[in-house]
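# Secondary and tertiary structure notes
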Amino acid sequence: MSDCIFCRIVRGEIPCSKVYEDEEILAFKDIHPLAPVHLLIIPKRHIASLATATPEDSPLLGRMLELAPRLAVQAGSTDGFRSIVNTGNVGGQEVHHLHIHVLGGDKPLPVMLKY
Ligand code: 5GP
Ligand code: ZN
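My aim in this report is to walk through the structure given alongside it, one point at a time. As the structure is a prediction and not an experimental result, all values here were calculated from the model.

Cut-offs used in this document
- Residues numbered from 1 in each chain as written.
- Chains lettered and ligands numbered in written order.
- Predicted model: local features only at pLDDT ≥ 70, side-chain atom pairs only at ≥ 80, totals over all residues.
- Heavy atoms only, no water.
- Donors = N, O, S within 2.8 Å, 3.2 Å for Na, K, Ca; no water.
- Tetrahedral: all angles 85-135°; square planar, octahedral: opposite > 155°, others 65-115°.
- Buried < 20%, exposed > 50% of the residue type's maximum accessible area, 1.4 Å probe, protein only.
- Core = buried A, V, L, I, M, F, W, Y, C linked by side-chain atoms within 4.5 Å.
- Helix = DSSP H or I, 4+ residues; strand = E, 2+ residues; numbered from the N terminus.
- Contact = heavy atoms within 4.5 Å.
- Pairing = 2+ DSSP bridges.

## Topic: the coordination of the zinc ion (ligand 2)
The protein atoms that coordinate the zinc ion (ligand 2) are Cys4 (SG), Cys7 (SG), His46 (ND1) and His97 (ND1), at distances spanning 2.0 to 2.3 Å. Coordination at the zinc ion (ligand 2) comes from 4 donor atoms whose angles at the metal span 106 to 117 degrees, giving a geometry best classed as tetrahedral. Note on cysteine 7: relative accessible area 6%, which makes it buried. Classification of histidine 97 as buried rests on a relative accessible area of 0%.

## Re the nonpolar core
Tyr20, Ile25, Ile41, Met64, Leu67, Leu71 and Val102 are the most contacted members of the largest nonpolar core, which totals 17 residues. In terms of residues, this core owes the most to one element, helix α2 (residues 58-74), which gives 7 residues. With residues near it in sequence (within four places) discarded, tyrosine 20 still touches Ile25, Leu26, Ala27, Arg63, Leu67 and Leu71.

## Digging into the pairing of strand β1 (residues 18-21)
The side chains of a regular strand alternate, first on one face of the sheet and then on the other. In this structure, β1 lies alongside strand β2 (residues 25-29), joined through 3 bridges in antiparallel fashion. Pairing of glutamate 21 across the sheet is with leucine 26, part of β2.

Below, the structure is given as structure tokens:
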């Protein structure tokens, strides 16, 4: 996906504040943080959304979820966090490359429908 913004970040064409990387996964700070901690965990391979993920993607999705608590603590959210995956039009997904939002900080987040 040559024009996908997150694929461009993966390729290093757009800079990001990286917090984690391995062969399959990249995590970086959201450019418009909505909480003191706001990270995005993405697969390096283009998957448009949870709606287009396949059973073969399950181990990767599991690893992305498993990373969330580790990265939250590392970023300073030591007493929990909120993880959100906006999917498609109804979910308000703006970037069509699957990502997990990890939101946190040092006090409880406000209740919200969309991160
Ligand atoms: P969505 O609404 O698709 O779930 O969320 C997309 C998120 O990507 C938004 O929170 C937005 O701030 C973030 N975002 C969009 N473009 C960039 C970018 O170029 N760099 C970073 N770090 N975050 C981005
Ligand atoms: Zn992409």
